[in-house]
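So the chains spell out like this:
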2 protein chains.
Amino acid sequence: MNPATTPDPPYYAVIFTSRQTGDESNAYSETASRMKELAGRQAGFLGIESAHGDDGLGITVSYWESPEAIHAWKANEKHLAAQQKGRAVWYDRFELRIAKVERAYGMTRDSA
Amino acid sequence: MNPATTPDPPYYAVIFTSRQTGDESNAYSETASRMKELAGRQAGFLGIESAHGDDGLGITVSYWESPEAIHAWKANEKHLAAQQKGRAVWYDRFELRIAKVERAYGMTRDSA
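Presented here is a report on the structure given in the accompanying data block. (Residues numbered from 1 in each chain as written. Chains lettered and ligands numbered in written order. Predicted model: local features only at pLDDT ≥ 70, side-chain atom pairs only at ≥ 80, totals over all residues. Heavy atoms only, no water.)

### Points about the pairing of strand S3 (residues 57-64) of chain B
All names here are of chain B.
Part 1 of the argument: The buried count for S3 comes to eight of eight residues, which makes it a mostly enclosed element.
Part 2 of the argument: Of the two faces of S3, the one lined by Leu-57, Ile-59, Val-61 and Tyr-63 and the one lined by Gly-58, Thr-60, Ser-62 and Trp-64 are each fully buried.
Part 3 of the argument: Pairing between strand S1 (residues 11-20) and S3: eight bridges, direction antiparallel. By the bridge assignment for S3, Thr-17 is matched with Ile-59.
Part 4 of the argument: Across seven bridges, strand S2 (residues 45-52) lies against S3 in antiparallel orientation. In the strand pairing of S3, Phe-45 is matched with Trp-64. (Buried < 20%, exposed > 50% of the residue type's maximum accessible area, 1.4 Å probe, protein only. Helix = DSSP H or I, 4+ residues; strand = E, 2+ residues; numbered from the N terminus. Pairing = 2+ DSSP bridges.)

In structure tokens, the structure reads:
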């Protein structure tokens, strides 16, 4: 996975940081892949980045055109079911933050 | 590492997403640890979260009280030297986004 390619700001970010229980009995990774794919088809979706470290911390940042797009994704029926399982089974702890991206810059190595 | 414990919004997030070259000859991981520790001693620092996936994508999110605190950290002399090495040696690509956290919520499992 690469850093997401996003338009010039302003746009919105959902920063989701989690620690898992280790109980993957309800097909965590399949659901996570399906949710990424489904998010990618939502109106106003701009990109997603995800990394899970060996120490159990997971960070997923998704980017959106507007707060309305984020709200619609939160209320998506299949996503609601996944959120429910997340609270019930998969996550020991999570923090979700909604932020307005005001500035951005980046670098791509010429040889890359 | 756990999700950062942050105050009620508003506050600011620096979302740094990177892909490494794989060249760690200039002591990447030591510098990364030192920078985390140094950031933690800056005025206005609220917390930091970091995860590096097996696929080479790294995400570090740091949280700050104000844009001024972010600016002061960016201009820190030791941090400037590390940024220089990042561009010259460590990163094939990175994206850095500065965002204002407007809403946040979380969950901690009772049994955790």
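### A closer look at the interface of chain B and chain A
Part 1 of the argument: Counting from both sides, the interface comprises 51 residues of chain B and, opposite them, 51 residues of chain A.
Part 2 of the argument: A buried area of about 4500 Å², summed over both sides, lies between chain B and chain A, and 50% of it is on carbon and sulfur atoms.
Part 3 of the argument: Looking only at chain B, the three residues that lose the most surface to chain A are Arg97(B), Tyr105(B) and Met107(B), adding up to 17% of its buried area.
Part 4 of the argument: Summed over the shared surface of chain B and chain A, the result is four salt bridges.
Part 5 of the argument: Notably, a salt bridge pairs Arg109(B) with Asp92(A), separated by 3.5 Å at the nearest N-O pair.
Part 6 of the argument: Summed over the shared surface of chain B and chain A, the result is 39 residue pairs in polar contact (both at pLDDT 80 or more).
Part 7 of the argument: Looking at the side of chain B that touches chain A, the elements that each hand over two or more residues are S1, S2, S3, helix H3 (77-90) and strand S4 (91-108) of chain B.
Part 8 of the argument: Counting residues per element, the side of chain B that touches chain A draws most heavily on S4(B), which supplies 18 residues. (Contact = heavy atoms within 4.5 Å. Buried area = accessible area lost by both parts, 1.4 Å probe. Salt bridge = Lys/Arg side-chain N within 4 Å of Asp/Glu carboxyl O. Polar contact = N/O pair within 3.5 Å; in protein donor to acceptor, adjacent residues only side chain to side chain.)

### Quick notes on the relation of the copies chain B and chain A
What relates the two chain copies is a rotation about an axis together with a slide along it.
Part 1 of the argument: For the pair chain B and chain A, the superposition axis carries a translation of 0.0 Å, the fit reaches an RMSD of 0.0 Å, and the rotation angle comes to 180 degrees. The superposition of one copy onto the other is thereby described by a two-fold rotation axis.
Part 2 of the argument: Most of the interface of chain B is mirrored in chain A, where 100% of its interface residues again form contacts. (Least-squares fit on C-alpha atoms with pLDDT ≥ 70 in both.)

### Here we look at the packing of aromatic side chains
In this description, a pair of aromatic rings is defined by centroid distance and the angle of the planes.
All names here are of chain B.
Part 1 of the argument: Under the defined criterion, the tally for this structure stands at 16 aromatic pairs over all chains.
Part 2 of the argument: Ring geometry for Tyr-11 against Tyr-63: centres 5.9 Å apart, planes inclined by 80 degrees, an arrangement best described as edge-to-face. Highlighted residues: Tyr-11 in strand S1 and Tyr-63 in strand S3, separated in sequence by 52 residues.
Part 3 of the argument: For Tyr-63, a relative accessible area of 0% puts it in the buried group. (Phe/Tyr/Trp six-rings, centres within 6.5 Å; stacked < 30°, edge-to-face > 60°.)

### Focus: H3(B)
Residues and elements named next belong to chain B.
Part 1 of the argument: Over its 14 residues, H3 runs 19 Å from end to end, which matches the ideal 20 Å to within 8%, given 1.5 Å per residue.
Part 2 of the argument: Residues of H3 that are buried make contact with S1, helix H1 (28-40), helix H2 (67-74) and S4.
Part 3 of the argument: If you check the start of H3, you find a side-chain oxygen 3.0 Å away from the backbone N of Lys-78, and it comes from Asn-76. (Expected span 1.5 Å × (residues − 1).)

### What about unusual backbone geometry?
Part 1 of the argument: Here the residue pair Pro9(A) and Pro10(A) is connected by a cis peptide bond, since its omega of 5 degrees sits within 30 degrees of zero.
Part 2 of the argument: Among the secondary structure elements, Pro10(A) is positioned in the segment before strand S1 (11-20).

### A word on the sheet that holds S2(B)
Part 1 of the argument: The sheet built from eight strands is open, its strands ordered S2(A)-S3(A)-S1(A)-S4(A)-S4(B)-S1(B)-S3(B)-S2(B) with antiparallel pairing. Strand pairing shows two members of the sheet lacking a second neighbour, strand S2 (45-52) of chain A together with S2 of chain B, which therefore form its edges. On average, adjacent strands in this sheet sit at an angle of 25 degrees to one another, irrespective of strand direction.
Part 2 of the argument: For strand S4 (residues 91-108) of chain A and S4(B), the ladder comprises 15 bridges, and the chain directions are antiparallel. Note that in S4(B) the partner of Arg97(A) across the bridge is Ala104(B).
Part 3 of the argument: In the packing of H1(B) onto the sheet, contacts are made with S1, S2, S3 and S4 of chain B, and the angle to S2(B) comes to roughly 160 degrees. (Axes fitted to C-alpha atoms, helices over the stretch in contact; angles between N-to-C directions.)

### Considering the environment of Thr108(B)
Part 1 of the argument: Tracing the backbone through its elements, the reader meets Thr108(B) in strand S4.
Part 2 of the argument: For Thr108(B) and Ala51(B), which are 57 residues apart along the polypeptide, the C-alpha to C-alpha distance reads 19 Å.
Part 3 of the argument: Excluding residues that lie within four positions of it along the chain, Thr108(B) makes contacts with Asp92(A) and Arg93(A).

Structural measurements only, silent on function.
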